[in-house]
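The primary structure of each chain is shown beneath.
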Amino acid sequence: MQALVLAGGEGTRLRPLTLSVPKPVMPLAGRPFLTFMLDWLSEHGVEEAILSCGFLSDGVEKVLGHRHGSMTIEYVVESEPLGTAGPVRLAHDRGLLADRFLVLNGDALTDLDLTAEIAQHERTGAAATLALIAVDDTSSYGVVPTAADGRVEAFLEKSPGPAPTNRINAGAYVLEREVVVRIPPERAVSFEREVFPSMIGEGLYGYMAAGYWIDIGTPERYLEATYDLLADRVRSTLPPRDETGSLVGEGCITSGARIGPMSVLGRHCSVGDESVVERSVLLDDVRVGSECVVTGAVLAEGVRVEDGARVDEMAIVGAGATVASGSRVAAGTRIEPGVRVDAGARVR
Ligand code: GTP
């Protein structure tokens, strides 16, 4: 089986983290995000992945290369963003797609059963089958109601008030070639807004998926996915965590500090005496001085937090920024890459 992974979005909601690292290879629990997706695809018999990239595509190729275990990886790079369906047309026009293939949104962490989705697709003779996942709160998603036999009845945009179903599009599709020819060539096209709504009543089915699913596209959900991986709420091949449920990368120096619970330190980080890092993610080469407090925050590569500084809940500090001594980055603040927060300052 072949899978095309959509990995060309700009990831604006995850800025400033995605200004220097493309979202598909953002480290999650110490590994490039897409490696979790490639593991999952491999478990379900995918032998060939086509990564559809645009934004910062060199970064993706450099990190993932051309093989993942026994799976081959090819790249299709677009010069203009083509949306979610346009890249499929481009790959088809370059002769890369088989008669039946999978398409995945490249920012979901999931263990849903693709094998069962493919089996249903074959049974129904569908042109397209979409995995639909139940969520508790539908307010930030469109919903997809289906008939008893699984046929999709509508694509409803997100709207206030009660939704007719809590099933949302999980961004995991099985498609036949006949769907590709419905995608206009050489322009941005959306599956969700154009192609699928035009296929209602014409072989478009939903597969009721169960299991874990989250899209890591916002800081809140990036951290939630991190905690879920650390706590084994989603199946993965992560190495064992320490007694605080944390993962500390190679070459870190943390004696004298309290790390955890539920934290991830990348490679070559240091945290000084009497400092606390809890429920936080430090990417590679982050230095935290002594008597600092970092809680529920994300510090990108090369960030410096000097003695006595604090970084609060859901603050995101961009690559190479400095939080100088005694300063405080308040909850929810985003600090741009390379910026210096002055000693003693309070930013919010
Ligand atoms: P935001 O800017 O934060 O909305 O993120 P995003 O750009 O990634 O958009 P969104 O989350 O809606 O995208 C869903 C999936 O489609 C992600 O895996 C994106 O990488 C991918 N994607 C979005 N737009 C494009 C595009 O123009 N080209 C390609 N190849 N992939 C895209």
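Residues numbered from 1 in each chain as written. Predicted model: local features only at pLDDT ≥ 70, side-chain atom pairs only at ≥ 80, totals over all residues. Heavy atoms only, no water.

Draft legend 1. Focus on the packing of aromatic side chains. A complete count under the given rule lists 5 aromatic pairs for this structure. Note on Tyr-141 and Trp-213: the rings are 6.0 Å apart at their centroids and 65 degrees apart in plane angle, and the pair reads as edge-to-face. With Tyr-141 in the loop between β9 (128-134) and β10 (167-176) and Trp-213 in strand β12 (residues 213-215), this pair connects stretches of sequence that are 72 residues apart. Trp-213 carries the same exposure label as Tyr-141, and that label is buried. Between Phe-155 and Phe-196, the ring centres sit 6.0 Å apart and the planes meet at 25 degrees, which makes this aromatic pair stacked. Residue Phe-155 is found in the loop between β9 and β10, and its partner Phe-196 is found in the loop between α7 (191-195) and β11 (204-209); the two are separated by 41 residues along the sequence. Per residue, the accessibility class of Phe-155 equals that of Phe-196, and both read buried. An aromatic cluster of at least three residues, connected via ring pairs, comprises Phe-155, Tyr-173, Phe-191 and Phe-196. The ring centre of Phe-36 lies 4.1 Å from the NZ or CZ of Arg-31, which sits over that ring. (Phe/Tyr/Trp six-rings, centres within 6.5 Å; stacked < 30°, edge-to-face > 60°. Helix = DSSP H or I, 4+ residues; strand = E, 2+ residues; numbered from the N terminus. Buried < 20%, exposed > 50% of the residue type's maximum accessible area, 1.4 Å probe, protein only. Lys NZ or Arg CZ within 6 Å of the ring centre and 35° of its normal.)

Draft legend 2. Representation of the environment of Gly-289 in the model. For Gly-289, the location among the structural elements is in the loop between β19 (287-288) and β20 (293-295). Linking Gly-289 and Ala-324, residues 35 residues apart in sequence, is a C-alpha distance of 9.7 Å. When sequence neighbours within four positions are dropped, the list of residues in contact with Gly-289 reads Val-271, Gly-272, Ser-275, Val-305, Glu-306 and Asp-307. (Contact = heavy atoms within 4.5 Å.)

Draft legend 3. Summary view of the sheet that holds strand β15 (residues 264-265). Strand order in the open sheet formed by 6 strands is β13-β15-β18-β21-β24-β27, and the pairing between neighbours is parallel. One side of each edge strand has no neighbouring strand; the edge strands of this open sheet are β13 (247-248) and β27 (334-335). Alignment of strand β24 (residues 316-317) against β27, held across 2 bridges, turns out to be parallel. Of the residues in β27, the one forming a bridge with Ile-316 is Arg-334. (Pairing = 2+ DSSP bridges.)

Draft legend 4. Representation of the nonpolar core within the structure. Ranked by internal contacts, the top residues of the largest apolar core, which has 64 residues, are Leu-28, Leu-41, Leu-51, Leu-102, Leu-104 and Leu-109. With 7 residues, the single largest contributor to this core is helix α2 (residues 33-43). Both domain 1 (2-230) and domain 2 (247-347) contribute no fewer than three residues apiece to this core. Ignoring anything within four residues of it in the chain, the contact list for Leu-41 reads Ala-3, Val-5, Val-46, Met-71, Leu-102, Leu-104 and Leu-114. Listed in part, the 31 residues of the second largest apolar core include Val-76, Ala-91, Phe-101 and Val-152. (Core = buried A, V, L, I, M, F, W, Y, C linked by side-chain atoms within 4.5 Å. Domains from an automatic or database assignment.)

Draft legend 5. Up close: α2. Most of α2 is tucked away, with 8 of its 11 residues classed as buried. Residues of α2 that are buried: Phe-33, Leu-34, Thr-35, Phe-36, Met-37, Leu-38, Trp-40 and Leu-41. Gly-45 sits one or two residues past α2 and shows a positive phi near 85 degrees.

Draft legend 6. View of the sheet that holds strand β29 (residues 346-347). Read across the sheet, 6 strands follow the order β14-β17-β20-β23-β26-β29 without closing on themselves; strand pairing throughout is parallel. Lying at the two open borders of the sheet, with one neighbouring strand each, are β14 (258-259) and β29. Sheet analysis places strand β17 (residues 276-278) next to β20, joined by 3 bridges and oriented parallel. Counterpart to Glu-278 in the pairing with β20 is Thr-295.

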